[in-house]
Amino acid sequence: MATMKEIAELSGVSRGTVDRVLNHRGSVHPQTAKRIMEIAQALNYQPNKAGLILAAQKKNLKIGVILFQDANPFFQEVLKGVHAKAEELSGYNCKALIRQVTFGEKCQKYAMEELLQEKIHGLVISPFNGKEIAEKINQFSESGIPVITTNTDIASRRIAYVGSNYYLSGQTAAGLLGRMTFGQTEVGIINGSSHILCHTQRIAGFTETIRKFYPHIKISGIVENHDDDRESYEKTKELLIRRPGINALYFTAAGVFGGCQAVLSLGLSEKIKIFTYDNVKTTAELVKDGVITATICQQPFLQGYRPLELLSRYLLEGILPEKEFYYTDIDIRIRENIETD
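Residues numbered from 1 in each chain as written. Predicted model: local features only at pLDDT ≥ 70, side-chain atom pairs only at ≥ 80, totals over all residues. Heavy atoms only, no water.

Named according to an unreviewed UniProt entry, the protein is LacI family DNA-binding transcriptional regulator originating from Petralouisia muris.

### Quick look at the overall build of the protein
What counts, and what does not: Helix and strand assignments follow DSSP, with helices taken as H or I runs no shorter than four residues and strands as E runs no shorter than two, numbered in order from the N terminus. Any two residues whose heavy atoms approach within 4.5 Å are treated as being in contact. Only the protein chains shown count as covering a residue, and every accessible area follows the Shrake-Rupley method with a 1.4 Å probe. We score Asp and Glu as negative and Lys and Arg as positive, and we do not count His or the chain ends. By convention, the charge on Lys lies at NZ, on Arg at CZ, on Asp at CG and on Glu at CD.
Each helix and strand counted, the protein has 13 helices and 12 strands in total. When its C-alpha atoms are laid out on the principal axes, the protein stretches across 70 × 35 × 35 Å. Pairs at least 24 residues apart make up 71% of the contacts formed inside the protein by residues separated by at least 6 positions. Only carbon and sulfur atoms are counted for the fraction: they give 49% of the accessible area of the protein, which is about 15,800 Å². The centroid of the 40 positive side-chain charges in the protein is displaced by 4 Å from the centroid of its 38 negative side-chain charges.

### Examining the environment of L266
Locating L266 in the fold gives a position in the loop between α11 (256–265) and β9 (273–277). Along the primary structure L266 and S156 are separated by 110 residues, whereas in three dimensions their C-alpha atoms are 44 Å apart.

### Quick look at the packing of aromatic side chains
Filter applied, for reference: Classification of ring pairs uses Phe, Tyr and Trp, with its six-membered ring standing for Trp, and accepts pairs whose centres are within 6.5 Å; under 30 degrees between planes counts as stacked, over 60 as edge-to-face, and the remaining range as tilted. We call a residue buried when its accessible area falls under 20% of the maximum for its residue type, exposed when it is over 50%, and partly exposed in between, using a 1.4 Å probe and counting protein chains only. Definition used: whenever NZ (Lys) or CZ (Arg) falls within 6 Å of the ring centre and also within 35 degrees of the ring normal, the charge is taken to sit over that ring.
Scanning the model with the defined rule gives 8 aromatic pairs in all. Geometrically, the ring pair formed by F206 and Y250 is stacked, given 4.1 Å between the ring centres and 15 degrees between the ring planes. On the criterion of sequence distance, the pair formed by F206 in helix α9 (residues 197–213) and Y250 in strand β8 (residues 248–251) is long-range, its members being 44 residues apart. Both residues of the pair, F206 and Y250, belong to the buried class. Across from the ring centre of Y277, 3.6 Å away, lies the NZ or CZ of R202, which sits over that ring.

### So, the pattern of salt bridges
Where we set the bar: Put simply, a salt bridge is a Lys or Arg side-chain nitrogen that is within 4 Å of an Asp or Glu carboxyl oxygen.
Across all of its chains, the model carries 15 salt bridges by this definition. Between E88 and K85 there is a salt bridge whose closest N-O contact spans 3.1 Å. Separated by 3 residues within a single helix, E88 and K85 lie in helix α5 (residues 74–89), roughly one turn from each other. Notably, a salt bridge pairs D153 with R158, separated by 2.8 Å at the nearest N-O pair. Here the two residues D153 and R158 agree in accessibility, since each one is buried. Linked by salt bridges that have partners in common, R99, E114 and E118 make up one network.

### As for the nonpolar core
In summary, soluble globular proteins display a tendency toward joint burial of nonpolar side chains. Inclusion rule: Side-chain atoms within 4.5 Å are what join buried Ala, Val, Leu, Ile, Met, Phe, Trp, Tyr and Cys residues into a set we call a nonpolar core.
Ranked by internal contacts, the top residues of the largest apolar core, which has 45 residues, are I66, M112, L123 and I125. At 7 residues, α5 tops the list of elements feeding residues into this core. Not counting residues up to four positions away in its chain, the partners in contact with I66 are R99, V101, Q108, A111, M112, L115, L123, V124, I125 and S126. Counting residues in hydrophobic clusters, the runner-up holds 18 residues, among them L239, V263, I272 and I338.

### With respect to helix α10 (residues 229–242)
To be explicit about the condition: Multiplying 1.5 Å by the residue count of a helix minus one yields the expected span of that helix. Here, the arc refers to the directions that run from the helix axis to the C-beta atoms.
Over its 14 residues, α10 extends 20 Å from the first C-alpha to the last, a length consistent with the 20 Å expected when each residue adds 1.5 Å. Listing the buried residues of α10 in full gives S232, T236, L239 and L240. For α10, the angular spread of the buried residues around the axis is 95 degrees, confining them to a single face. In α10, the exposed residues that point more than 90 degrees away from the buried face are R230 and I241. Tucked into the core, α10 has its buried residues touching β6 (185–191), β7 (217–224), β8 and α11.

Okay, structure coming up:
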């Protein structure tokens, strides 16, 4: 079994530096820390778990969690996953400090700074796709605070991402639409926010697949609802009045209930095929009622549970995530297999 002394010799650093990296006891240059962790993994270094647990209990580990507000019912399920893992970690004297914020770079940056003041040891975040957030994540990394993104990603020094492969889920939505429509089809896209990477990735996968394989489909307009049902109702209704040829709708995020109410208010539910994401209660009921044609699910509970699992393992045992991307399943639900309470 490898020892810290052997890792130090191969890394060209002192045993004390190796100890700080493997046990998270101080700041070490990110490149040096990465080299040490890679050598430790190559040698299959196995820390003393009993000692780690004792050290963790003394350390009072804190993991910050930043999610978007659960006005979007999807995040209520993500939060359940966070709480479930946090309960398991409580025996290690490891606490999850949870913040839920509205869409916006300033709100999220403030939450990150607030958690930094709380002296967190790691961070799980659903990032707003902005330059300041990416820079802040990089600063966390440079300070020895590892970050894992969940539900949506961002180009940064985060150590892993947990969530859907959104480009592929956009392709899947296009494939469903292409196979379930015939003749000339006009589709309106109801997007959440152009500042959320997962939303733009879904649109990219969708539009590219439509262009390549489904010439009978024309994209007739894109509007943003910021995951808000009231705004979704108004924006969807306005789009359908402005573009009367639309006979399909693609919702990239939340606001599905409000948008579907706009379709119903105009008496267009028999004309328009609707494709959405997630199996929240209101969406499931609309699938059952035949208003929504199909919805694509993405394991929200796992998106809350697994990031904490990966990050706590790294903080407690020094084991880096084995891969960069932890993709959730793409699960298609229609009226015949949808689950409702």
